[in-house]
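Fold and contact review
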Amino acid sequence: MYAELWMGTLATGPAVVKPKGILLPDYIAKNPSCLGKTILDGFNEALPFLFKVLSVNKSLSIQAHPNKKHAEELNRKFPDIYKDSNHKPEMALALTDFEGMCGFRPFSELQIYVKGVPELAIVLGEAAVESVISIDVNDEGAIKAALKQAFSFLMRQDSMVILEQVMTLVARLESHLPVDCIEEELMELIIRLNSQFPGDVGIFAAFFLNHMKLKPGEAMFLAANLPHAYLSGDCIECMATSDNVVRAGLTPKFKDVDTLVEMLDYTPRSKEDNLMSPSISVDDPCVRVFKPPVPDFAVHDIQIEAERSYVLSEEKSASIVIATEGQGDFSTIGKIGPGHVIFLPANESCSVKTSSNMVLYRALCLPQV
């Protein structure tokens, strides 16, 4: 049982081209034309995306990813921590019911929590509390400044103060003492996070961040500097080829708090603002296209009915395809089913005859309009 399946060329976990017995980056280096015009024009001779399947049983760290310029700076200054110089925008597409935290929640919600949760007010301190509750919710600049002040103070608060207030809060919630402003869903999340990371500062971060619940087929896009954490469920993930992560909570790994609080996007958004809406391919009604606002990657969600002949179309970009449901006989490699992965060079198609309803996910680069 594995928590992550990586499909790509990142040095810490490169894929293998099984029939040829060589690493995918080595295969591409010998056959750069397989990447296609879209990638060669925009990314030289490197596959720009990393494709993953994640199975999240325990909450993953509160983190954000730097933009390209910041990634280059971090790699230059701290190469042992930030091992590459690329940015890492990413997209999570739910395979099952999927749960995460993403982006700062609407500021009016935070104001309610600060006023109604004494433990949160204590860890933020009087100055931050006053700043949060006194601001006009229509003053965007002041809101961002207050959010940064409050979140920064939280992340830098003494660990013993955090521990004491987490324990007090969790004891109240578990005793079913009234906390009118905390809805049941958030109560459950706080108790669960404390069971996984007792007394962690990230538990209070749940008051700041949107609690996202995705149904299968829904997706969210994580732009640079957007705070987030994956909490539970299975998903397809696609991202730029990088492993640059800045963490600050819910993790035993290295926390770079100062870097994180300075880089974050402190724009409050609704849950809906963080969702990605797919489009239906004009050429193929079996395909839903998830195209984020970055050139590095896109994902096709392909649903094929049983007993059907189907063609994976030629694209001007190399693709990585994974099957997650069903069975099919592929013209180039034979029978495949859930868990099988295909590297499809640019300008090549592949036909399949399905024996049952089949679901494929295809990562690729799409031409920029």
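What counts as what
For every chain, the first residue of the written sequence is number 1, and numbering continues from 1 onward in sequence order. Reporting in this predicted model follows two pLDDT cut-offs: at least 70 for local features of residues, and 80 or more for side-chain atom pairs to be given and counted; totals over whole chains, interfaces and linings ignore these cut-offs and use all residues. Only hydrogens and water are removed before side-chain values are computed, so all heavy atoms of the structure are retained for them. We count a stretch as a helix when DSSP gives it H or I for four or more residues in a row; a strand needs E for two or more, and each element gets its number in order from the N terminus. The rule is simple: take the accessible area with a 1.4 Å probe, protein chains only, and divide by the maximum for that residue type; under 20% is buried, over 50% is exposed, in between is partly exposed. Take the buried residues of types Ala, Val, Leu, Ile, Met, Phe, Trp, Tyr and Cys, join any two whose side-chain atoms come within 4.5 Å, and each joined set is a nonpolar core. Any two residues having at least one pair of non-hydrogen atoms within 4.5 Å are treated as being in contact. For helices, the axis comes from a line fit to the C-alpha atoms of the stretch in contact; other axes are also lines fit to C-alpha atoms, and the angle between any two N-to-C directions lies between 0 and 180 degrees. When an angle is under 35 degrees it counts as roughly parallel; over 145 it counts as roughly antiparallel; between 65 and 115 it counts as roughly perpendicular; any other value is oblique. Throughout, a crossing is termed right-handed when the near helix is turned clockwise from the far one, and left-handed when it is turned anticlockwise from it by less than a right angle. Under the scheme applied here, ten amino acids are nonpolar (Ala, Val, Leu, Ile, Met, Phe, Trp, Tyr, Cys and Pro), four are charged (Asp, Glu, Lys and Arg), and all others, including Gly, are polar. Salt bridges are defined by distance alone: a side-chain nitrogen of Lys or Arg within 4 Å of a carboxyl oxygen of Asp or Glu. For patches, a residue must show more than 30% relative accessible area and have no salt bridge; joins then use 9 Å for like charges and 5 Å for nonpolar side chains, namely Val, Leu, Ile, Met, Phe, Trp and Tyr. For every accessible area listed, the method is Shrake-Rupley and the probe measures 1.4 Å; residues are considered covered only by the protein chains on display. Note on pairing: DSSP must find at least two bridges between two strands before they are called paired.

**Digging into unusual backbone geometry**
Positive phi values are uncommon outside glycine, yet Asn 225 reaches one of about 70 degrees. Here Asn 225 is to be found in the loop between strand 9 (219–222) and strand 10 (228–240). One non-glycine residue with positive phi stands out, namely Glu 307, at about 55 degrees. Inspection of the secondary structure puts Glu 307 in the loop between strand 15 (298–304) and strand 16 (309–312). By relative accessible area, Glu 307 is classed as exposed at 54%.

**Considering the nonpolar core**
Counting 57 residues, the largest nonpolar core has Leu 120, Leu 124, Phe 151, Leu 154, Phe 207 and Phe 208 as the members making the most contacts within it. It is helix 7 (residues 140–156) that contributes the most residues to this core, seven residues altogether. Residues within four places of Leu 154 in sequence aside, it is in contact with Val 123, Leu 124, Ile 162, Val 201, Phe 204, Ala 205 and Phe 208. If you look at the next biggest cluster of nonpolar residues, it comprises 32 residues, including Ile 39, Val 53, Ile 236 and Val 294.

**Description of the packing of helix 8 (residues 159–174) against helix 9 (residues 184–196)**
For the pair helix 8 and helix 9, interaxial distance at closest approach is 10 Å and the crossing angle is 125 degrees. Considered as vectors, helix 8 and helix 9 are oriented oblique to each other. Helix 8 and helix 9 meet at a crossing whose hand is left-handed. Across the interface between the two elements, Val 166, Met 167, Leu 169, Val 170, Leu 173 and Glu 174 from helix 8 touch Met 187, Ile 190, Ile 191 and Asn 194 from helix 9. Split into classes, the residues belonging to the contact of helix 8 with helix 9 amount to eight nonpolar, one polar and one charged.

**Details of the pattern of salt bridges**
Taken as a whole and judged by the stated rule, the model has 19 salt bridges. Residues Asp 258 and Arg 156 are paired through a salt bridge, measuring 3.1 Å at the closest nitrogen-oxygen approach. Pair noted here: Asp 258 is in helix 11 (residues 257–263) and Arg 156 is in helix 7, with a separation of 102 residues, a long-range link. For Asp 258, a relative accessible area of 49% translates into the label partly exposed. Counted as one network, the salt bridges with shared partners bring together Lys 148, Arg 156, Asp 258 and Glu 262.

**What to know about the side chain of Asn 86**
Along the chain, Asn 86 turns up in the loop between helix 3 (68–77) and strand 6 (90–94). The residues contacting Asn 86, other than those within four sequence positions of it, are Lys 68, Ala 71, Ala 240, Thr 241, Ser 242 and Asn 244.

**Let's talk about the environment of Ser 277**
By the secondary structure assignment, Ser 277 is in the loop between strand 12 (275–276) and strand 13 (279–280). Note on Ser 277: relative accessible area 68%, which makes it exposed. Put simply, Ser 277 and Val 201 are 76 residues apart on the chain and 32 Å apart in space, counted from C-alpha to C-alpha.

**Some thoughts on a nonpolar patch on the surface**
Taken together, the side chains of Phe 78, Ile 81 and Phe 254 present a nonpolar region at the surface, about 290 Å² in accessible area. Take Phe 254: it is sitting in the loop between strand 11 (246–249) and helix 11. The class for Phe 254 is partly exposed, based on a relative accessible area of 46%.

**Some remarks on the sheet that holds strand 20 (residues 341–344)**
Taken together, six strands build an open sheet; the order of strands is 13-14-15-22-17-20 and the sheet is antiparallel. Edge positions in the sheet fall to strand 13 and strand 20, since each has one partner strand and no second. Bridging between strand 13 and strand 14 (residues 287–290) involves two bridges; their strand directions are antiparallel. When the bridges of strand 14 are listed, Ser 279 appears paired with Val 289.

**Comments concerning the sheet that holds strand 19 (residues 334–336)**
The strand order across the open sheet formed by four strands is 16-21-18-19, and the pairing between neighbours is antiparallel. Sheet topology places strand 16 and strand 19 at the edges, where each strand pairs with a single neighbour. Across this sheet, the average inter-strand angle for adjacent strands is 30 degrees, counted without regard to direction. Where strand 18 (residues 328–330) and strand 21 (residues 350–354) come together, three bridges link them in antiparallel fashion.

**Observations regarding the packing of helix 6 (residues 126–133) against helix 7**
Contact geometry for helix 6 and helix 7: axes closest at 9 Å, N-to-C directions at 150 degrees. Relative to helix 7, helix 6 is oriented roughly antiparallel. In this structure, helix 6 crosses over helix 7, and the sense of that crossing is left-handed. Across the interface between the two elements, Ala 127, Ala 128, Ser 131 and Val 132 from helix 6 touch Ala 146, Gln 149 and Ala 150 from helix 7. Residue composition of the contact of helix 6 with helix 7, by class: five nonpolar, two polar and no charged.

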